[in-house]
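Here is how the chains run, residue by residue.
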Amino acid sequence: MVGTLSGALEARKIPTSPDKVSADVQGTIEAPEGVLKITRISCHYYIKVPAGKTDAAERALAVFERGCPVAQTLKGCIEFEHTWEIEELK
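Throughout, a residue's number is its position along its own chain's written sequence, starting from 1. Only residues with pLDDT of at least 70 are given local features in this predicted model, and only at 80 or more are side-chain atom pairs given and counted; all residues enter the totals for whole chains, interfaces and linings. With hydrogens and water stripped out, all remaining heavy atoms of the structure feed into the side-chain values.

**Some details on the overall build of the protein chain**
(1) Moving on: Secondary structure elements follow DSSP: runs of H or I of four or more residues count as helices, runs of E of two or more count as strands, with numbering from the N terminus. Across its full length, the protein chain holds three helices and three strands.
(2) Moving on: N-terminal to C-terminal, the α/β element order of the protein chain is α-β-β-α-α-β.
(3) Moving on: Along the longest, intermediate and shortest principal axes, the C-alpha atoms of the protein chain span 50 × 20 × 20 Å.
(4) Moving on: Exposure categories follow from relative accessible area, calculated using a 1.4 Å probe and restricted to protein chains: below 20% of the type maximum is buried, above 50% is exposed, and the middle band is partly exposed. For the protein chain, buried positions account for 29% of its 90 residues.
(5) Moving on: The contacts of the protein chain with a sequence gap of at least 6 include a subset with a gap of at least 24, amounting to 64%.
(6) Moving on: For the purpose of counting charges, residues Lys and Arg are taken to be positive, whereas Asp and Glu are taken to be negative. His and the chain ends are not included. Working definition for charges: the position is that of NZ of Lys, CZ of Arg, CG of Asp or CD of Glu. Side-chain charges of the protein chain comprise 11 positive and 13 negative groups, with the mean position of each set lying 8 Å from the other. Working rule for contacts: check all heavy atoms of both residues, and any pair within 4.5 Å makes them a contact.

Written out as structure tokens, the structure is:
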């Protein structure tokens, strides 16, 4: 997912390396029918963007999941939650 997000950011002329995009990802495991399964994945992204690029980064974050192979494969099986912190570099 970070790779797809990085691609969406790069398409908007927002550099993603070195160390400009990272994420903390946590899965929630439940047993709704007596069998353990991952029911939710929470992703919190940390993004450093050039001055004036915060709006473009937020637009990328709002749509990147539609083009993410992992998210589209798991859609309907696992709920995704995306949150983020954007730091604008000077």
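Moving on from the model shown.
**Looking at the pairing of strand 1 (residues 21–30)**
Along a regular strand, successive side chains alternate from one face of the sheet to the other.
(1) Moving on: Sheet analysis places strand 1 next to strand 2 (residues 37–50), joined by 10 bridges and oriented antiparallel. Within strand 2, the position partnered with Gly27 by the bridge is Ile41.
(2) Moving on: Here the rule is simple: two strands pair whenever DSSP picks up at least two bridges between them. Counting the residues in the hairpin turn of strand 1 and strand 2 gives six residues, including Gly34, whose phi is positive at 85°.

**Overview of the sheet that holds strand 2**
(1) Moving on: On the basis of which strands lie adjacent, the open sheet formed by three strands has the order 1-2-3 and mixed pairing. At either end of the open sheet lies a strand with only one pairing partner, and these are strand 1 and strand 3 (79–89). Averaged over all pairs of adjacent strands, the angle between strand axes in this sheet comes to 15°, irrespective of strand direction.
(2) Moving on: Relative to strand 3, strand 2 is paired through 11 bridges, and the arrangement is parallel. The partner of Tyr46 across the bridge, within strand 3, is Glu85.
(3) Moving on: For every element, the axis is a line fit to its C-alpha atoms; helices are fit only across the contacting stretch, and the angle between N-to-C directions ranges from 0 to 180 degrees. Those strands touched by helix 1 (residues 2–11) are strand 1 and strand 2, and its axis lies near 145° from that of strand 1.

**Overview of the pattern of salt bridges**
(1) Moving on: In the sections that follow, a salt bridge refers to a side-chain nitrogen of Lys or Arg positioned within 4 Å of a carboxyl oxygen of Asp or Glu. Evaluated as defined, the whole model comprises two salt bridges.
(2) Moving on: In this structure, Glu79 engages Arg40 in a salt bridge whose closest nitrogen and oxygen atoms are separated by 2.5 Å. Pair noted here: Glu79 is in strand 3 and Arg40 is in strand 2, with a separation of 39 residues, a long-range link.
(3) Moving on: Here Arg40 makes a salt bridge to Glu81, at a shortest N to O gap of 3.7 Å. Residue Arg40 is found in strand 2, and its partner Glu81 is found in strand 3; the two are separated by 41 residues along the sequence.
(4) Moving on: Judged by its relative accessible area of 33%, Glu81 falls in the partly exposed class.

**Overview of helix 2 (residues 54–63)**
(1) Moving on: Along helix 2, the residues that are buried comprise Thr54, Ala56, Ala57, Ala60 and Leu61. End-on view of helix 2: buried residues confined to an arc of 160°, all on one side of the axis. Among the exposed residues of helix 2, those oriented more than 90 degrees off its buried face are Asp55, Arg59 and Ala62.
(2) Moving on: Where helix 2 is buried, its residues touch helix 1, strand 2 and strand 3. Regarding the arc, it is the one traced by the directions from the helix axis to the C-beta atoms.

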